[in-house]
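Chain residues, written in single-letter form:
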Amino acid sequence: MIGELGLDGRVRPVRGVLPAVLAAADAGYEQVVVPECAAAEACLVPGVSVLGVRSLRQLIAVLADEPLPDEEQDELGRPDPLLSGLRLPGTGAATGMHSLGAAQHDHGHDLADVVGQTSARTAVEVAAAGGHHLFLEGPPGAGKTMLAERLPAILPPLGRQESLEVTAVHSVAGLLPSGKPLIDVAPYCAPHHSATMQALVGGGPGTARPGAVSLSHRGVLFLDETPEFSSHALDALRQPLEAGHVVIARSAGVVRFPAKFLMVLAANPCPCGRFSQRDDLCECPPSAIRRYQARLSGPLLDRVDLRVEVDRVTRTELTASGARGESTATVAHRVRAARQRAAERLADTPWRTNSEVPGRELRSRWYAVPGAMDEAERSLERGVLTARGLDRVLRVAWTVADLVGHDRPDATDVALALQLRTGVPRGVPMAIGALT
């Protein structure tokens, strides 16, 4: 029996009904009683009979096999308004959390709305196909946020088990969409740069609550204006990025939340946002530019596979009346096909996307075409790439090969992966559609 009993005998909803019923099913229970408004959520668990009641009087009538008394549903039977809020206890209103299950996320925006930005569009597609983290750097108004907001729509729909995982996390946080308890598409979470470390990774007094990294589980975590985040909050992301989960210890116990997400970082090149190698519009002193760019630590950026510069949109691109870029539906189709190729190749392994495969496995089991990695290996010798960076280039090359339909990465696939990693032009087409 799961719920909160009011002093007037009414049964009120609580957070975490879905994970509680999942635990009950694992323990062998076949029947559960929950508040009526949470019955749809509890029914997501197969093999469990769910009884939704409005009051203790109704429950006693059911147990005593008596006629069910009619109970009016009033404010006491509705979810507490605080359960729908986005504020984590103890973090204050400044957390600025913007979390949306994809059922709530507005997918009406199309990728074709983004003007120009061929390199950035390709990076977003590769990120979605292989689960690679992405860093977008460019001036304000260039389209970084537009690209990030359109990324969830090109991710494949969640499987049944993934949907239950995501729904359970949002249930614990009290953020399930009303009227649709099951989240079946990738969630999107975009915390404000004033968010605290507890808001990002989870926490709060008493029982720990999931943070942004868990609310974006199986989806996208977008950190706009990344250098403005607290350095402690950013460094706290390194553990969930590697482990795929976050462990929070409190006096009441230790909580483990899943946190396997696709991270998108966005930043301006300098405090004023106008620094560029091509023109002289920036008024920031060199020391201010260095301090601003140093706010992103090397260990965090080393975990990001794709780093792309987003250029200013030109007047010609903005006013052109010709054909727009590829639509979300076209790119999503290629992403699903690439994910399927990767899943078939990794079928007998614990991994499902190219970004999850360890470097030693890539080097020993999945080779590129002979000679394809020569340029990448020369970049390693020159110090342009680290050993970890070389592994990440090979991961991205496999994703590019899956997108264009190659059995193994060739020199063109590796060159594109190198350009997406280092930003140095390699003389290859930047549009995936041009390579297929």
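You'll find the structure just up there.
For every chain, the first residue of its written sequence is number 1, and the numbers climb from 1 along that sequence. With pLDDT at 70 or above as the cut-off, local features in this predicted model cover only qualifying residues; side-chain atom pairs require 80 or more to be listed or tallied, and sums for whole chains, interfaces and linings still use all residues. Excluding hydrogens and water, the side-chain values take into account all heavy atoms of the structure.

This part covers the nonpolar core. By nonpolar core is meant a set of buried Ala, Val, Leu, Ile, Met, Phe, Trp, Tyr and Cys residues that side-chain atoms within 4.5 Å join together. Buried, partly exposed and exposed residues are distinguished by accessible area as a fraction of the type maximum, computed with a 1.4 Å probe on protein chains only: under 20%, between the cut-offs, and over 50%, respectively. Counting residues in hydrophobic clusters, the biggest one holds 60 residues, and the most contacted among them are Val126, Leu134, Leu136, Leu151, Val264 and Leu420. To qualify as a helix, a DSSP run of H or I must reach at least 4 residues; to qualify as a strand, a run of E must reach at least 2; elements of each kind are numbered from the N terminus. Take this core: its biggest share by element is nine residues, from helix H17 (residues 387-404). Ignoring anything within four residues of it in the chain, the contact list for Val126 reads Gly131, His132, Leu306, Val396, Thr399, Val400, Leu403, Leu420 and Ile432. Leu175, Leu221, Ala233 and Leu234 belong to the second largest nonpolar core, which has 33 residues in total. Only heavy atoms matter for contacts: two residues are in contact if any of them lie within 4.5 Å across the pair.

With that out of the way, let us pick up helix H3 (residues 56-63). Residues spaced three or four apart along an α-helix face the same direction, because each turn holds 3.6 residues. Residues of H3 that are buried include every one of Gln58, Leu59 and Ala61, and no others. Projected onto a plane normal to the axis of H3, the buried residues spread over an arc of 160 degrees and lie on a single side. Where the residues of H3 are buried, they touch strand S3 (31-35) and strand S4 (49-53). Regarding the arc, it is the one traced by the directions from the helix axis to the C-beta atoms.

Now for the packing of H17 against helix H18 (residues 411-422). Between the N-to-C directions of two axes lies an angle of 0 to 180 degrees, each axis being a line fitted to C-alpha atoms and, for a helix, fitted only over the stretch in contact. It is the contact of H17 with H18, at a shortest axis distance of 8 Å, that shows an interaxial angle of 125 degrees. Between H17 and H18, the angle falls in the class oblique. Handedness of the crossing formed by H17 with H18: right-handed. For the pair H17 and H18, the contacting residues are Gly389, Arg392, Val393, Val396, Ala397, Val400, Ala401 and Val404 in the first and Asp413, Val414, Leu416, Ala417, Leu418, Leu420 and Arg421 in the second. In this classification, the charged set is Asp, Glu, Lys and Arg, the nonpolar set is Ala, Val, Leu, Ile, Met, Phe, Trp, Tyr, Cys and Pro, and all remaining amino acids, among them Gly, are polar. Of the residues assigned to the contact of H17 with H18, the class counts are 11 nonpolar, one polar and three charged. Angles are sorted into four bins: roughly parallel if under 35 degrees, roughly antiparallel if over 145, roughly perpendicular if 65 to 115, and oblique for all others. Should the near helix be turned counterclockwise from the far one by less than a right angle, the crossing is left-handed, whereas a clockwise turn marks it as right-handed.

With that settled, the discussion passes to the side chain of Asp413. Along the chain, the position of Asp413 falls in helix H18. Positive charge is attributed to Lys and Arg, negative charge to Asp and Glu, and no charge count is given to His or to the chain ends. Salt bridges are counted wherever a side-chain nitrogen of Lys or Arg sits within 4 Å of a carboxyl oxygen of Asp or Glu. One buried charged residue, Asp413, remains without a salt bridge, the closest side chain of opposite sign being Arg408 at 9.7 Å. Look past the residues within four positions of Asp413 in its chain and what remains in contact with it is Ala397, Val400, Ala401, Val404, His406 and Arg408.

Before going further, it helps to spend a moment on the pattern of salt bridges. Summed over the entire model, instances satisfying the criterion amount to 19 salt bridges. As a salt-bridge pair, Arg54 and Glu36 come within 2.5 Å of each other at their nearest N and O atoms. Residue Arg54 is located in the loop between S4 and H3, and its partner Glu36 is located in the loop between S3 and helix H2 (39-42); the two are separated by 18 residues in the primary sequence. Residue class for Glu36 comes out partly exposed when judged on its relative accessible area of 34%. Linked through salt bridges whose partners overlap, the residues forming this network are Glu125, Glu326 and Arg334.

Any functional reading would require information that these geometric values do not contain.
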